[in-house]
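Take a look at the letters that make up each chain.
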Amino acid sequence: MDPAATGVTVAGTGADPAKTTMFPEEFLKRTFSLINSDKDRNSVSLVCKDWYNVERMSRRHVSIRNCYSVSPEIVTARFPAIRSVTLKGKPRFSDFNLVPDDWGADVQPWLNVFATAYPFLEELRLKRMAVSDESLEFLALNFDDFKALSMLSCEGFSTLGLEAIATHCKNLTELDIQENGIDDLGGDWLSYFPENLTSLEVLNFSTLTSEVSFDALESLVSRCKSLRVLKVNRKINLEQLGKLLVLAPQLIELGTGTFLEELVSGSVNGLENAFSKCGNLVTLSSFWDATLLHLPVVYPVCGNLTFLNLSYANIGPDELEQILGRSKRLVRLWVVDTVGDKGLEAVGSHCPLLEELRVFPVDPFDQQLGVTDSGLVAVSKGCPKLHYILYFCQRMTNAAVITVAQNCPNFTHFRLCIMNPSEPDYLTNEPMDEAFGAIVKTCTKLERLSVSGLLTDLAFEYIGKYAKNLETLSVAFAGDSDLGMEYVMRGCPKLKRVEIRDCPFGDSALLSGLTQYESMRSLWMSDCNVTMDGCKKLAEEMSRLNVEVIKDEGGDDRLANKVYVYRTVAGPRKDAPPFVVTL
Amino acid sequence: MSSETSTVTSEQPPSTADTELTLRLPGESQKSETKPTKRRFSDLTDLKLGGNNESDTECSVVTRSTPAKERVVGWPPVRSHRKNMMKKDCKYVKVAVDGAPYLRKVDLELYSGYQQLLCGFEHLFSCFTIRNVLNERKLMDPVNGMEYVPTYEDKEGDWMLVGDVPWMMFVESCKRIRLMKNSEAVNGSVLTRRDFGRWASKIGSWKLLV
């Protein structure tokens, strides 16, 4: 279409500054204020200088997915009006103890800058950051409008930090503490919420281990009429849960406490009744110690559930069937492998709308069978909408995965963990290459892939050839030679995050990704065959990458045992501990 | 065999050949060399039992640092938080020592084998004479000359000698533990240091084969 013919001046032609845009700034501002997606905003900012400026002045939320890719000063300089920050720190493999303590990702330097630049900060969402009690107190004291704090997989703080938040954040709407390395000192932090705090909408302390004052909790729930998410910890029993439900029938998401106690029948009825009044509940989680004895109390709400998280409930197939038979609307389901293949058959039978399934191992080191290939196939048969799977199993076959790919061609996330490293197809004894080959060939929308089992370079050739939309790749104990990694680095144009451990990929493989790394978020390689020389070479060629080697105690000085490569505009880390060497 | 001087420690076992940790069940034959040479999982599992890193005490720290099964750091990729949450509630059992004024409690889930358990006793009862029993140089307590044998009450109410059944079975069935004066434990006859040593090393070597 010829822009001249339509009479429209295309913004961004750049030729004549006098007529760069037909749109007044106010118009742009208003339009952009409706755009919330980071991705869209990033695109908008690339159009032209004017759009860049209007966009940056109006952006309210920023997501920094690698805290070392940029400095707080750069962020605050570009975006002066931020109210909400998402900040992610350590490489994902730190969740599995592959990153030493004190590696970094301290939130305090960010808070220091935000205190001046964003005094009106309202939301902070942290993932894999190091957070101290002092930082939490600093946050609570320096941001008067602070509303929402969410911490996932963070560590370094204790319940003392939570006390500070509860005490000082007068407008708190959200406190979401998930799966953190928290020092639970008990101490009754919940009681620090002042009597006049009524704004809470989200309260999640399910992963704290110590008791909280039930009276304080009850009072809090009672006065916070807008509470929509409540996830209590294991110390809260069923009877107490019932009391809370009566006070908050408006809940949308509930995390139960323990199901351990035996209730008298009157209490059971009361509890069932309480559940039946919760017409808005769509998410249920926790279910610690649940058995068929008291599971039925949740039956009244099963019909509305879209997300059921049973990943802390070691229930068997029969219990699962009972629940699933009543939960026809399930979209997301998380279970433990104690449900077995039989339980997964029940999933296939009862959950036609299922889109996401995660099966966790009850004991990663126990050789008991758990779930196998047949369970996975059963789910794929009954759940054609499935697009997200996380599956821990002891054994798998190529044939099963090929069938699964055919049944569910829409996978966006395929994370298969055969728990014994380098385990072949248990029927044919062959590598699992064809399994993952089938997945990448058939599932053209695949964004995330975790591979496992015995894999040769062929598997990676398939990935490089077919997985054109792949963004995240996790590899462990796989491959034959550098070629494997080279196939992937050369073949997958949309890679963002690659994490590799214990594979025979060396310097040649590392360097094959040269052109990719700047468009990627990060690369992690540990216990591979990469040397310091290889890393130095990479660092020399690519100046806008940080090539960091985490030195192990002892070990060969020429080997680079743990390498973390990421793009950055902030230069080398200034806070690197002695064992992190930037090349 | 150095059972005379062997004690309940986590030092290197005397003979490594048939006690070397491998990836297979005892009795299975060696896997053939058909797999391509590359970084293999089995390379990572040449774990030294306990090892010479612990210089201060003879017993390693009471954790799962020397596992009964081969374990690789961070594999399978389950967050430690989730692993901790999914463990059954701790298996706490009372431990009584004959002659001691009060009992202790231990969480059997914290130990990965008999060796660690006995080391745990040494730590727990360091103020008592039991320490000397487990000390490699003395099995006799100089104060009252007593030797102790670990016994336990199982789910059926029977008193059993600790160490006979596989570790996980023991954890499942143990209700409480009693460190018995050996004069009671073995038909009135005193277990010699050699007997105790043999018994202790039997537990140790069993663990190696699993």
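Procedures and definitions
- Per chain, residues are indexed from 1 in the order of the written sequence.
- Each chain is given a letter, starting from A, and each ligand a number, starting from 1, according to the order in which they appear as written.
- Side-chain atom pairs in this predicted model are given and counted only at pLDDT of 80 or more, local residue features only at pLDDT of at least 70, and totals for whole chains, interfaces and linings cover all residues.
- With hydrogens and water stripped out, all remaining heavy atoms of the structure feed into the side-chain values.
- Every residue carries a pLDDT, the predictor's confidence in it, which falls somewhere between 0 and 100.
- Contacts: residue pairs with any heavy atoms within 4.5 Å of one another.
- Numbering of helices and strands runs from the N terminus; a helix is a DSSP stretch of H or I covering at least four residues, while a strand is a stretch of E covering at least two.
- Helix axes use the C-alpha atoms of the stretch in contact, all axes being lines fitted to C-alpha atoms, and the angles between their N-to-C directions lie in the range 0 to 180 degrees.
- The hand of a helix crossing depends on one turn: near helix anticlockwise from the far one by less than a right angle means left-handed, and clockwise means right-handed.
- Residue classes follow a fixed rule: Ala, Val, Leu, Ile, Met, Phe, Trp, Tyr, Cys and Pro count as nonpolar, while Asp, Glu, Lys and Arg count as charged, and any other residue, Gly among them, counts as polar.
- Pairing of aromatic rings covers Phe, Tyr and Trp, the last through its six-membered ring, and needs centres within 6.5 Å; plane angles under 30 degrees mean stacked, over 60 mean edge-to-face, and all others mean tilted.
- Only protein chains enter the accessibility calculation, which uses a 1.4 Å probe; a residue is then buried when its area is under 20% of its type maximum, exposed when over 50%, and partly exposed in between.
- Computed with a 1.4 Å rolling probe, the buried area is the accessible surface lost when two parts are put together, summed over both parts.
- The salt bridge criterion pairs a side-chain nitrogen of Lys or Arg with a carboxyl oxygen of Asp or Glu, the two atoms within 4 Å.
- Here roughly perpendicular refers to angles of 65 to 115 degrees, roughly parallel to angles under 35, roughly antiparallel to angles over 145, and oblique to all remaining angles.

1. Quick word on the confidence of the model for chain A
Next, step 1: Taken over all residues, the pLDDT of chain A has a mean of 92, while the share at 70 or more is 96%.
Next, step 2: Counting contacts from residues 1-14 of chain A, a segment whose pLDDT is below 50, to residues more than four positions away or on other chains yields 12 contacts.

2. A closer look at the confidence of the model for chain B
Residues and elements named next belong to chain B.
Next, step 1: The predicted model of chain B has a mean per-residue pLDDT of 60, with 40% of residues at 70 or higher.
Next, step 2: Across chain B, the element-wise mean pLDDT spans from 44 in helix α3 (residues 130-134) up to 89 in strand β4 (residues 159-161).
Next, step 3: Segment residues 187-193: pLDDT under 50, and 12 contacts once partners within four positions in sequence are set aside and those in other chains are kept.
Next, step 4: Confidence drops under a pLDDT of 50 for residues 203-210, and excluding neighbours within four residues, the segment shows 22 contacts in the predicted structure.
Next, step 5: Across the assembled chains, the prediction reports ipTM 0.86 with pTM 0.76.

3. As for the packing of helix α10 (residues 238-247) of chain A against helix α11 (residues 265-276) of chain A
Residue and element names in this part refer to chain A.
Next, step 1: For the pair α10 and α11, the least separation of the axes is 9 Å and the interaxial angle reads 35°. By crossing handedness, the relation of α10 to α11 is classed as left-handed. Where α10 abuts α11, its residues Leu238, Glu239, Leu241, Gly242, Leu245 and Val246 lie against Ser267, Leu271, Ala274 and Phe275.
Next, step 2: The class makeup of the residues in the contact of α10 with α11 is 7 nonpolar, 2 polar and 1 charged.

4. Some remarks on the packing of aromatic side chains
Next, step 1: Enumeration according to the criterion identifies 23 aromatic pairs over all chains in this entry.
Next, step 2: Arranged with centres 6.2 Å apart and planes meeting at 80°, the rings of Phe93(A) and Trp524(A) form a pair that is edge-to-face. Of the two residues, Phe93(A) sits in the loop between β2 (84-88) and α6 (108-117) while Trp524(A) sits in strand β20 (residues 522-526), which places them 431 residues apart along the sequence.
Next, step 3: A residue is classified by how much of its surface remains accessible, and Phe93(A), at 5% relative accessible area, is buried.
Next, step 4: Between Tyr152(B) and Phe170(B), the ring centres sit 4.7 Å apart and the planes meet at 90°, which makes this aromatic pair edge-to-face.

5. Structural notes on the interface of chain A and chain B
Next, step 1: Each partner contributes residues to the interface: chain A has 46 residues there, and chain B has 26 residues.
Next, step 2: Summed over the three residues of chain A that lose the most area to chain B, namely Phe96(A), Glu179(A) and Phe365(A), the buried surface amounts to 20% of that side.
Next, step 3: The interface formed by chain A and chain B holds 1 salt bridge in total.
Next, step 4: A salt bridge links Asp95(A) to Arg79(B); its shortest N-O distance comes to 2.9 Å.

6. Regarding the packing of helix α9 (residues 214-223) of chain A against α10(A)
Packed helix pairs are characterised by how far apart their axes lie and by the angle those axes make with each other.
Residues and elements named next belong to chain A.
Next, step 1: Here α9 crosses α10 at 20°, and the two axes come no closer than 9 Å. Considered as vectors, α9 and α10 are oriented roughly parallel to each other. Relative to α10, α9 is oriented so that their crossing is right-handed. In contact with Phe214, Leu217, Glu218, Val221 and Ser222 of α9, α10 contributes Gln240, Lys243, Leu244 and Leu247.

7. Digging into helix α19 (residues 482-491) of chain A
Next, step 1: Listed in full, the buried residues belonging to α19(A) are Gly484(A), Met485(A), Glu486(A), Val488(A), Met489(A) and Gly491(A).
Next, step 2: Tucked inside the fold, the buried residues of α19(A) contact α18 (457-466), β18 (472-476), β19 (497-501), α20 (507-512) and β20 of chain A.

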